[in-house]
Structures are given as structure tokens and as C-alpha cells.
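# Tertiary structure, described
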Amino acid sequence: MSAGSVTIRVRRGAPDEPSRIETFTVPYSEGMSVLDAVMWVRGHVDSTLAIRYACINANACKECMVRVDGKTGYACTSRLGADGALIEPLGNKALIRDLVTDIVPPKERLDAHLEEG
Amino acid sequence: MPELDTDVLVVGAGGAGMYAAVAAARAGARVVLADKSLVGRGGATIMAQMTVAAAVGEWEPDHWTHHLADTVEAGRGLCDERLAAILCEEAPVRIREMDSWRVGWAREDGRMRAVMAPGHKIPRCVYVDFLNTGPAVAKTLRTRVAQGAGIARISGLSIADLVVHDGRVAGAVGINLEDGQPVGIAAAAVILAAGGLTRLFRRNSASANMGGDAYALALNAGAELIDMEFPQFFPIGHLAPRLVGMDPIMWDPFRYKLGGRLLNGRMEEFIENYGERDSGVYTAPRDITSYAIVKECAAGRGSPNGGAYLSFEHIPEPELRLAFGPVIDRLAKNGIDLTKRPVEVAPIAHYHMGGVRVDERMATRVEGLYAAGEAVGGANGANRLSGNAIPEAFVFGERAGRFAAQRKDEPRAWRSADDAQAGRLVERAHGAGGGEAAGLGALLRELQALMWDDVGLLRTEHGLSRALGRIREMRTDELPSLAPRRKAHFDHALLDWLDLGASLLAAESVALAALDRRESRGAHQREDHVATDPARARNQVLRLSADGALDSAWADIVAAPHARAPLEAAE
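The numbering scheme is per chain: residues are counted from 1 as the chain's sequence reads. Chain labels run from A onward and ligand labels from 1 onward, assigned in the order the entries are written. Thresholds applied to this predicted model are a pLDDT of at least 70 for local features of residues and 80 or more for the giving and counting of side-chain atom pairs; totals over whole chains, interfaces and linings are not thresholded and use all residues. To obtain the side-chain values, all non-hydrogen atoms of the structure were used and water was disregarded.

### Thoughts on the overall build of chain B
A count of helices and strands for chain B gives 14 helices and 19 strands. For this measure, only C-alpha atoms enter the radius of gyration; the expected value for a globule follows 2.2 Å times N^0.38, where N is the number of residues. Here the C-alpha atoms of chain B give a radius of gyration of 23 Å, agreeing with the 25 Å that 2.2 N^0.38 yields for 571 residues. Dimensions of chain B, computed from C-alpha atoms along their principal axes, come out at roughly 70 × 55 × 50 Å. Only protein chains enter the area calculation, which uses a 1.4 Å probe; residues under 20% of their type maximum are buried, those over 50% are exposed, and those in between are partly exposed. Across the 571 residues in chain B, those meeting the buried criterion constitute 63%. Long-range contacts, defined as pairs at least 24 residues apart, comprise 74% of the intrachain contacts of chain B with a sequence gap of at least 6. Each helix is a run of H or I in the DSSP string that is no shorter than four residues. Each strand is a run of E no shorter than two, and both are numbered from the N terminus. Two residues qualify as a contact provided that any one of their heavy atoms is within 4.5 Å of a heavy atom in the partner residue.

Okay, structure coming up:
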């Protein structure tokens, strides 16, 4: 099933630094998801690469929304083609770091409760 | 001052945690509901597909004592019968409460629909919709939690340690992921609702959060674990071709309904060779089916990716379409045409029977510390009856919340010196520095492989001893040297490091208990002790000693027999 490797480009950075594109070569298998590739990088190359996900595969948690080649979608259900992809954080949410953006509802943020206390 | 102060802190916001928060708040307590992912989105509940066992009795006459009898029988002599009785008696109460919150249980002719599931003698498994019960349940509870006065929901807060003084819980410390801020939370009561440990195994149906946090938090706080040698494997998890957007355990109801054939790599039926009739009936117990697939692979008769084939090719297409409904289109998007070729399936870690040892109030031996949901051990013994996981989340969650709330007026045990604990946690986590590159991933992969190969479905003295030794080494020597360098925002490597610390302690507890149980029973199958030993119808209890070593002791099972009541139809 495995057929060589595939290259992904990931836009990384934090709000207080210029963003950069990093390139990773990942083993390719037919039908793999964008999240599969990002998780492979986190597990084998660089665990500081930040992305939100919980359910991994079931499209239940709805946390892994990113832009793939400019199109918004869930990393867990976006297929990675053999020519790879450019993976970027959502453009319409505040950037926290790498692929993590601020998708937490305001009332579920720590600081909302610090103010009360 | 700690950053937060609350009556009840709930760790984990899946089904059990959310129910606990609702119950504690309606008992008048102020609640902090914290999850390292988004509240009500992570964990196992939202991934649950179909059935919820409860003797509601609307579809066919039923009584909770019959549900209890089936639960105890499935548990192979090890159930804590007090907990099992609570689970079965209160499940219909919670199902009706969820109904009043409009979860939308499926109905026919006005009666709550219930279906049969393996191990039940009466159709008692209610559902919302095929493949959608978990999301519906999670959504209903998210709404209740959002509407509950006095519940502070905090997403992205990873709880790493409990604060305990003189055997009494004072609160917890954790890290706010978004900005890396250390957080101390003083609380009169803490409820551990952070789920199980299926992620420890290479093949699993888990979310990223099921790494054994609740067990590690409990052990480190001085509480006990029970039945840790019993992880449940689901026999026919999806293996290949790659399937995205669906839970890997999705095949079961279809196989049951349509009669999918299970074949080895030579396209032969094989369950018969393991003493069970399966072809045409599909009722071989899960533990036997899992064992048979793993043994076929070990004998070189596996499918190409190391499992078995599941074939629906003998079913006419219109029948397939009728049974699978819209699912067949989702399969087509994954390039799967069931009329043309089989899929590959294999056993996957699915649930953990063991867990935190609690009494009827869900209280541990640490004053003020409670547990709920899958994190609790005992109710399911050596093998969980299908459909019992979601009612366990509801029933134990509600009880933990209700009883924990009774402590709301207790003076806090938090001391001013504890204010620095959260900061120290972050410093310790970043201690050695520099392990983030690939070391954390490699360590997790090695742990998952070790657990799968030596602490999974085929267990031996040799394999378990080897695994236990290696896990101890990883926990005490290697992980501390892999502490990551600090990142200010969403420090994902730090989260991995904290998770891995909990996972290694949870893994050690499974390996130790499995090594000490020299017999085969339920989900625990020893190649070198194949028979069940009546003298071992006892539970193993684990605790951490003062020097950080894990100790195991045997305890008598908790018997609380109930006779089956006469069956009556509910109104």
C-alpha cells in the first residue's frame, strides 16, 4: 500500500514572530489524511509542531480545522494527495501558534473565569 | 492565592464529567469543569456510536435486576456488585432524564426503541441514531452544562497533578495551553472523569486524550486502582484501506445485521477453529474473535496489513444499500465498494474495565477525591457488557457530582505554600530541556508497541516481565531527560511530555497486574496459564508506595447479590 514519500509544507510561527514555511517529507500511503501526515511529523521529527486534535479520525471533535492548499477543512478528513499540500492555520481566527488558532468559545477561556474570581 | 477557587473541580469534560458538573451545580455547588481539549468535544463519549444499555422496559418488559445479571455474568466473577447494581438500577433514571433534556432517543409507536446486543438476554439497548448516539449525547450535555448556573467551563486546561494534604484533597495544578500559564485551583472536592487508557496500545479506537491521565492522577494522590489487568479489545476495528471521517469500530452493527463473513488471509473462515460457531450466526464472543484473529496472524495466515478480511460480497447490492443507508456513500468516498472486495479488520483497544477504586458515593480513599465514568474500576469486572459504557458515564457522573457537592461548605485544605506548586510543575516539566525533537514521539511509539505486543491480547510471563521492566526504565530514567524546551503559547511538546508521564504510570499498572494474575479470565488471556483459576476470583488493588514504586495486593470481591425481579412492561 505504501508508495514512497510525500512532501508537506507547513506554515509555522506565533503572533509575535514572522511566519515561515517549513517542509517535511513524510512516508506516503494511499488514502492518508493531512492529519496523518502532521501527526507523523510530530511523532518522528518535531513534537513542538502545534495542532489541535482530539478524536484523530472520527470527525467528531471538530478541533482540527486548518487550511489545506488555501481551502478550509478538517485535517482528519482532508485527503493528502501524492503531490503533497500546503497546510496553514485558519486565516479568520487569531493565531496562537503554528496550526493552532483561537477557536475556543469566549466563555470557555481561562481568563473569562480569572476575571470573575 | 490560587488562580481559581471552586467547590468542585471536574477533570475531564466527556459524558461523565459533564454529567457530574450538572449534578454538582444543581446541588448548589460552584463547579470548574476543565478539559485539555474543548469541553464536550474530546474524550470517548462523542465517539460512541450506537447503543446504551438500560432496562427502560418500554420496548420489551425488562427490569434492572436482569440487566445486572447479564452484567455480572459478562464480568466473569470479578464485578463489584454494589457498583454494578447502582449502574443497572440508575441507568433507566438517567436515560429518562436525558430524554427530558431532549436527546432524542429513537422511538417507535411512542415507545423507546431498544435493540439486542451481544451478551444481553433482553433487547435493552437504546440509541439516538445509527453512528450518531455519542455526538447527540455530547451535544445535549454541552447544552445542559452551558445553561447550568455556577459551572465555569475551561477548555485547553491540562490538569497535571492533584494537591493533597494529610489524605485530603486540596485542589489541583495544571497548565493553560493557550498561553502556558501555570494554574492552581483550590477545591473542596475533585472528580476524576478523564476516561481510560486505550491510547497506550498501538491499535486503538481512542481519541488523543485517552492516555491514562485519571489513573496517574489518582495513584499520585494516594488513591487506589482496581482490575487494571483488564483492557477490552474490540475484535473487528477497521484496518485497511484507510478510512477517514468514521470511527474504526463502525463495522459491528452491520456485521451483526447483515452477516459479514470473517476470513483469514487464505480467504477461509477460521473462528470455528477456535471452538466457536460464527458463520451464519455472528455471535462469537468478542474476546474469542479477537484472540482468533491475532492467532491467525501469528501463524502467518493474516490479511496483508496484519488482520482478517471482513466480506460482505455475498450480500446483494440493494440489501447492502438498505442496511448501510448514507454510510455506503461515505464508504464510497473512501474508495470502498463492499460488493467488489472485502475490507481488512483487526482487534483494537477499545475500553478499560479497570480504574480508580471507589465506594457507592464514587469516593476514593482520599478525602474529597471522587471518580466517574470509564476512569472508575470495578463495575464491569473482567469484561464489560456491550452498551454499559455510556450509562456508566451518566450514572457514575451524576453520583460523583451529587456526593462531591456535599463537601461544598468544607473549609479549603489549600495552603499558601501551594500557590507555587503550579509554577514548579512547569519548571519541572522543562527541567532537562531539549527532548522535543523526536524523543517524545519515539518513546510513545515504543510504549504503544510494547503494550500491544506483550501486554495486549497474547500475554506470557516472559513478555509481561520484559514489558514491565522496560516501562519502569522509561518512566523513571528516560522521560525526565526528555523534558522539552519552553514555548510560550500552545506548548504541544510540553503537553505530550505530561501526557506521556501519566501514560507510563498507567501502563506500568496494567503490566504489573497482568503479570501477577497467573490465570486466564475475561479480557486477560495468558498463553502460559490458559485456565481460569477459581481461587483467583479476586480483585487486584494497586497503589503507589512512598518511594514511588507501584504495589499490588489482592482483595476479596464485593458481592451484593440481587434476585431477578419479575418482568413488567414500563408505562
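### Some details on the domain arrangement of chain B
Residues and elements named next belong to chain B. Domain boundaries in chain B define domain 1 (4–230 + 353–420), domain 2 (235–347) and domain 3 (433–530). Between domain 1 and domain 3, the contact holds 32 residues from the first and 33 residues from the second. Joining two parts hides part of their accessible area as seen by a 1.4 Å probe, and the buried area is that hidden amount summed over both. When the buried area of domain 1 at its contact with domain 3 is split by residue, Leu 200, Arg 202 and Glu 229 rank highest and sum to 26% of it. Note on definitions: salt bridges are taken to be side-chain nitrogens of Lys or Arg within 4 Å of carboxyl oxygens of Asp or Glu. At the junction of domain 1 and domain 3, the tally comes to three salt bridges. Among the salt bridges present, the one from Asp 499 reaches Lys 36, with a minimum N-O distance of 2.7 Å. Only strand S8 (157–165) and helix H5 (213–221) provide two or more residues apiece to the side of domain 1 that touches domain 3. With five residues, H5 is the single largest residue contributor to the side of domain 1 that touches domain 3. Domain start and stop points were drawn from an automatic or database domain assignment.

### Side note on the pattern of salt bridges
In this structure the tally under the stated criterion is 60 salt bridges over all chains. For Asp 329 of chain B, the salt bridge identified is with Arg 321 of chain B, shortest N-O distance 3.4 Å. When salt bridges that share partners are traced, they join Arg 12, Glu 17, Arg 20, Glu 22, Asp 46, Arg 97 and Asp 98 of chain A into one network.

### Regarding unusual backbone geometry
Here the bond from Ala 240 of chain B into Pro 241 of chain B is cis, since omega is -5°, no more than 30 degrees from zero. Here Pro 241 of chain B is to be found in the loop between strand S12 (231–240) and helix H6 (251–258). In this structure, Asp 98 of chain A is a non-glycine residue whose phi angle is positive, near 50°. Here Asp 98 of chain A shows up in the loop between strand S6 (95–97) and strand S7 (100–101). Asp 98 of chain A sits in the buried class, given a relative accessible area of 2%.

### Re the sheet that holds strand S16 (residues 355–356) of chain B
Strands pair in a sheet through their backbones, by hydrogen bonds, and they do so in one of two ways: parallel or antiparallel. All names here are of chain B. The pairing criterion is simple: DSSP has to find at least two bridges between the two strands. Strands sit in the order S16-S11-S18-S19 across an open sheet of four strands; the sheet is antiparallel. At either margin of the open sheet sits one strand with a lone partner, and together these are S16 and strand S19 (550–556). Relative to strand S18 (residues 538–544), strand S11 (residues 225–226) runs antiparallel, the two being bridged by two bridges. Pairing of Ile 226 across the sheet is with Val 541, part of S18.

### Topic: the interface of chain A and chain B
On the side of chain B, 46 residues touch chain A, which itself brings 43 residues to the contact. Both sides together, the interface formed by chain A and chain B hides about 3,600 Å², and carbon and sulfur atoms give 55% of it. Among the residues chain A hides against chain B, the three largest losses belong to Asn 57, Glu 108 and Leu 110 of chain A. Together they make up 18% of the total. Taken together, chain A and chain B are joined by four salt bridges. Residue Glu 178 of chain B is joined to Arg 109 of chain A by a salt bridge in which the shortest nitrogen-to-oxygen separation is 3.2 Å. N or O atoms within 3.5 Å of each other form a polar contact, as long as, within protein, one can give a hydrogen and the other can take it, and as long as residues adjacent in sequence are counted only when both atoms are side-chain atoms. Counting across the interface, chain A meets chain B through 20 residue pairs in polar contact (both at pLDDT 80 or more). Mapped onto the side of chain A that touches chain B, the elements with two or more residues apiece are helix H1 (34–44), S6 and helix H2 (110–116) of chain A. All amino acids are sorted into three groups, where Ala, Val, Leu, Ile, Met, Phe, Trp, Tyr, Cys and Pro are nonpolar, Asp, Glu, Lys and Arg are charged, and the leftover types, Gly among them, are polar. The residue makeup of the side of chain A that touches chain B, split by class, is 20 nonpolar, ten polar and 13 charged.

### Focus on the environment of Tyr 28 of chain A
Residue and element names in this part refer to chain A. Along the chain, the position of Tyr 28 falls in strand S2 (residues 20–29). Residue class for Tyr 28 comes out buried when judged on its relative accessible area of 13%. Once the C-alpha coordinates of Tyr 28 and Ser 5 are considered, the two residues, 23 residues apart in sequence, prove to be 4.5 Å apart.

### A few points about the packing of helix H2 (residues 64–74) of chain B against helix H3 (residues 81–100) of chain B
All names here are of chain B. It is the contact of H2 with H3, at a shortest axis distance of 8 Å, that shows an interaxial angle of 135°. The angle between the axes of H2 and H3 places the two elements in the oblique class. Along this stretch, H2 crosses H3, giving a crossing that reads as right-handed. Contacts between H2 and H3 involve Trp 64, His 67, Leu 68, Thr 71 and Val 72 from the first element and Glu 81, Ala 84, Ala 85, Cys 88 and Glu 89 from the second. Partitioning the contact of H2 with H3 into residue classes produces six nonpolar, two polar and two charged. Working convention: axes come from line fits to C-alpha atoms, limited for helices to the stretch in contact. Angles between N-to-C directions cover 0 to 180 degrees. Working definition: roughly parallel below 35 degrees, roughly antiparallel above 145 degrees, roughly perpendicular at 65 to 115 degrees, and oblique for all remaining angles. By convention, the crossing between two helices is left-handed when the near helix turns anticlockwise from the far helix through less than a right angle, and right-handed when the turn is clockwise.

### Notes on the packing of H6 of chain B against helix H8 (residues 317–324) of chain B
Residues and elements named next belong to chain B. Running from N to C, H6 and H8 point in directions that differ by 135°, and their axes come no closer than 11 Å. The angle between H6 and H8 places the two elements in the oblique class. Crossing angle aside, the handedness with which H6 passes H8 is right-handed. On H8, the residues that touch Trp 251, Phe 254, Lys 257 and Leu 258 of H6 are Glu 319, Leu 320, Ala 323 and Phe 324. Taken together, the residues of the contact of H6 with H8 sort by class into six nonpolar, no polar and two charged.

### Examining the packing of aromatic side chains
Residue and element names in this part refer to chain B. Paired rings are identified among Phe, Tyr and Trp, the last through its six-membered ring, by centres lying within 6.5 Å, and are further divided according to the angle between planes into stacked (under 30 degrees), edge-to-face (over 60) and tilted (the rest). A full pass over the atoms with the stated rule returns nine aromatic pairs over all chains. Arranged with centres 5.7 Å apart and planes meeting at 75°, the rings of Phe 233 and Trp 452 form a pair that is edge-to-face. Taken together, the residues Phe 233 in strand S12 and Trp 452 in helix H12 (residues 439–454) connect sequence positions 219 residues apart. Taken as a pair, Phe 233 and Trp 452 share a single burial class, namely buried. The interplanar angle of 70° and the centroid separation of 6.1 Å between the aromatic rings of Trp 251 and Phe 324 together place this pair among those described as edge-to-face. Taken as a pair, Trp 251 in helix H6 and Phe 324 in helix H8 lie far apart in primary sequence, 73 residues in all. With relative accessibility at 2%, the residue Phe 324 sits in the buried group. An aromatic cluster is present here, built from Trp 251, Phe 254, Phe 312 and Phe 324 joined pairwise through their rings. Seen from the ring of Trp 59, Arg 111 lies directly overhead, with NZ or CZ sitting 4.4 Å from the centre. It is Arg 384 that lies over the ring of Tyr 351; its NZ or CZ is 4.2 Å from the centre. A ring is scored as having a charge over it whenever the NZ atom of a lysine or the CZ atom of an arginine sits within 6 Å of its centre and within 35 degrees of its normal.

### Examining the side chain of Asp 213 of chain B
Residue and element names in this part refer to chain B. By secondary structure assignment, the location of Asp 213 is in helix H5. On the basis of relative accessibility, which here comes to 10%, the residue Asp 213 falls in the buried class. Among all residues touching Asp 213, those that are not within four sequence positions of it are Lys 36, Ala 194, Asp 499 and Ala 502.

### Brief notes about the pairing of S18 of chain B
Residues and elements named next belong to chain B. Extensive coverage of S18 is indicated by the burial of five of its seven residues. Here S18 runs beside S19; their pairing, made up of seven bridges, is antiparallel. When the bridges of S19 are listed, Gln 540 appears paired with Trp 554.

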